[in-house]
Amino acid sequence: MRLGIDRLLAEGALRKPLQGRRVALLGHPASVNHVGRHSLDALMALGGLDITAAFGPQHGMRGDKQDNMVESGDYVDPLHGIPVFSLYGDVRHPTDAMLDHFDVLLVDLQDIGTRIYTYVTTLAYVLDACARRGKAVWILDRPNPAGRPMEGSLLEPGWESFVGAGPLLMRHGLTLGELALWFVAQRGLDLECRVIDMDGYQPQAAPGYGWPRDEIPWVNPSPNASSLNMARCYPGTVLLEGTTLSEGRGTTTPLELMGAPELDICRLLQRMESLCAEWMQGAVIRCCAFEPTFHKHQGQLCHGVQIHTDTVHYQHHRFSPYRLVALLLKALRLEYPDYPIWRDFAYEYETERLAIDLISGGTFLRQWVDDAATAPSDLDARLRPDEQAWAEQTQPFRRY
């Protein structure tokens, strides 16, 4: 398999339309070629291209910010002497002054297949800005490690935010190149948007099911996206960011764990099985204890579970991380009716709306959890039409 960046580096015919045009790169630490060299360095070493600027999303171009909601500043790249503009600092949208530095923007971002991952929103914002100013956008495509399965709900109208750029499904099942084409069509954008496809990408093939294991290195696209297992779990475990439960930040396996002090995890698992054992299938769910060194419940012993998708027991098309974590929250509410599940704090610069609602794209998930009269079948009835609608509307944009 060859990544979009590797094809651009190797195939002169692909680069020919860039001749005589000023080129910028939007990248991050996982913007590397098949041997682990950063795309900016590889493009600069190639020669023949006029690379005039670079852009970094959340966590920075080279990866300088560990936690969420920590801004990065603009700077001059010390190796290449070009400006590096932050799209997670003073601004989220590229300014006119930034856009003046290039004619073509190469986007080489490793996504992990979930709507709320902010690189998806940054992609949408740069497409909007470049369409407005007549700039071209080329997507150097990369794998979706979560694969083709689609799960969750569509973002509801009025719930757009930096963790929800539009009516996408939570686990969207597309590559970033495919998403870019969907954004262009969905938003009616008029711009040159080109996808440099991967060669030989097989998103349905075992054992990676979207991630070509042993072919390219895993480089954390964000500091807590530390493994393929995390990427598979993330469409569900990210919901915990809107709760008082720990999602494992402050441990070596963030967003693969979930728990809190003083929980009877065996009791919760029994309730989950009685509610909907089917939603617990497809992965190994292991009881565990952990002590976060920072973030929620810092220095406290938490009792919870770890999700494992890295064994022979993993069933890619049966594993439903969104439903699994929703089931945990439902069991928690039923077993501990007064437990303060929902975390009320400023989330991605939103101060009026609860984080759980921004993450889930509406109020329905929280209301389903809190309503003792609702059952898993009610949530399933809410999700399935959205999943079917998304699969149908995105079919024309799938390239693999």
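Residues numbered from 1 in each chain as written. Predicted model: local features only at pLDDT ≥ 70, side-chain atom pairs only at ≥ 80, totals over all residues. Heavy atoms only, no water.

1. Details of the environment of Pro396
In this structure, Pro396 sits in the segment after α12 (376–394). As for Pro396 and Asp50, which are separated by 346 residues in sequence, their C-alpha atoms are 34 Å apart. (Helix = DSSP H or I, 4+ residues; strand = E, 2+ residues; numbered from the N terminus.)

2. Structural notes on the pairing of strand β5 (residues 104–108)
Burial within β5 is extensive, with 5 of its 5 residues counted as buried. Burial along β5 is two-sided: Val104, Leu106 and Asp108 and Leu105 and Val107, pointing in opposite directions, are all buried. For strand β1 (residues 22–27) and β5, the ladder comprises 5 bridges, and the chain directions are parallel. Bridging from a neighbouring strand, Gly27 pairs with Asp108 of β5. Note that β5 and strand β6 (residues 136–140) share 4 bridges and pair parallel. (Buried < 20%, exposed > 50% of the residue type's maximum accessible area, 1.4 Å probe, protein only. Pairing = 2+ DSSP bridges.)

3. Section: the packing of helix α7 (residues 228–237) against helix α9 (residues 321–335)
For the pair α7 and α9, interaxial distance at closest approach is 6 Å and the crossing angle is 50 degrees. Comparing the axis directions of α7 and α9 gives the class oblique. The two elements α7 and α9 meet at a crossing, and its hand is right-handed. Across from Arg232, Cys233, Pro235, Gly236 and Thr237 in α7, the residues of α9 making contact are Pro321, Tyr322 and Val325. In terms of residue class, the contact of α7 with α9 is made up of 5 nonpolar, 2 polar and 1 charged. (Axes fitted to C-alpha atoms, helices over the stretch in contact; angles between N-to-C directions. Parallel < 35°, antiparallel > 145°, perpendicular 65-115°, else oblique. Left-handed = near helix turned anticlockwise from the far one by under 90°. Contact = heavy atoms within 4.5 Å. Nonpolar A, V, L, I, M, F, W, Y, C, P; charged D, E, K, R; others polar.)

4. What about helix α8 (residues 265–276)?
End to end, α8 covers 16 Å across 12 residues, agreeing with the expected 16 Å (1.5 Å per residue, within 8%). Within α8, burial applies to Ile265, Leu268, Leu269, Met272 and Cys276. Each buried residue of α8 lies within a common arc of 100 degrees when the element is viewed along its axis, so the set occupies one face. In α8, the exposed residues that point more than 90 degrees away from the buried face are Gln270 and Ser274. Buried-residue contacts for α8 involve β11 (284–290), β12 (302–308), α9 and α12. (Expected span 1.5 Å × (residues − 1). Arc of directions from axis to C-beta.)

5. With respect to the packing of α9 against α12
Across the interface, α9 lies against α12 with an axial gap of 12 Å and an inter-helix angle of 155 degrees. With respect to each other, α9 and α12 are oriented roughly antiparallel. When you trace α9 past α12, the crossing you get is right-handed. On α12, the residues touching Tyr322, Arg323, Ala326 and Leu327 of α9 are Pro376, Leu379, Asp380, Leu383, Arg384 and Glu387. Partitioned by chemical class, the residues of the contact of α9 with α12 number 6 nonpolar, no polar and 4 charged.

6. Side note on the pattern of salt bridges
When the charged atoms of two side chains lie near each other, side chains of opposite charge can form a pair. Under the definition given, this model contains 27 salt bridges. The shortest N-O distance in the salt bridge between Arg22 and Asp103 comes to 3.0 Å. Taken together, the residues span a long stretch of sequence, with Arg22 in strand β1 and Asp103 in the loop between α4 (96–99) and β5 at a distance of 81 residues. By relative accessible area, which is 27% here, Arg22 ends up partly exposed. Across the pair Asp386 and Arg382 runs a salt bridge whose closest N-O atoms are separated by 2.9 Å. Separated by 4 residues within a single helix, Asp386 and Arg382 lie in helix α12, roughly one turn from each other. The exposure class assigned to Arg382 is partly exposed, which follows from its relative accessible area of 25%. Through salt bridges with shared partners, a single ionic network connects Glu151, Arg323, Asp380, Arg384 and Glu387. (Salt bridge = Lys/Arg side-chain N within 4 Å of Asp/Glu carboxyl O.)

7. Overview of the side chain of Asp380
With respect to the helices and strands, Asp380 occurs in helix α12. The exposure class of Asp380 is buried, given its relative accessible area of 15%. Contact partners of Asp380, with chain neighbours within four places excluded, come to Trp279, Arg323 and Pro385.

8. A closer look at the state of the cysteines
What the rule picks out here adds up to 0 disulfides. Cys130 takes part in no disulfide bond, and the closest cysteine sulfur, belonging to Cys193, lies 9.5 Å away. Exposure remark for Cys130: the relative accessible area of 0% places this residue in the buried category. Cysteine Cys233 shares no disulfide, and the gap to the nearest cysteine sulfur, in Cys288, comes to 12 Å. The exposure class assigned to Cys233 is buried, which follows from its relative accessible area of 0%. (Disulfide = S-S within 2.5 Å.)

9. Some words on the pairing of β12
Judged by how many residues are buried, β12 sits mostly within the fold: 6 of 7 residues are covered. With 4 bridges connecting them, strand β10 (residues 257–260) and β12 associate as antiparallel partners. Looking at β12, one finds that Met258 is bridged to Val305. As judged from the 7 bridges shared by β11 and β12, these two strands associate in the antiparallel manner. Of the residues in β12, the one forming a bridge with Cys287 is Val305.

10. Description of the sheet that holds strand β3 (residues 75–76)
The mixed open sheet is built from 7 strands, whose spatial order is β3-β4-β2-β1-β5-β6-β9. The sheet is open, and its two borders are formed by β3 and β9 (193–196), each paired with just one other strand. The pairing of β6 with β9 spans 4 bridges and is parallel. When the bridges of β9 are listed, Val137 appears paired with Cys193. Running over the sheet, helix α3 (residues 39–46) touches β1, β2 (50–56) and β5 and is turned about 175 degrees from β2.

Everything listed here is a matter of geometry and, on its own, says nothing about what the molecule does.
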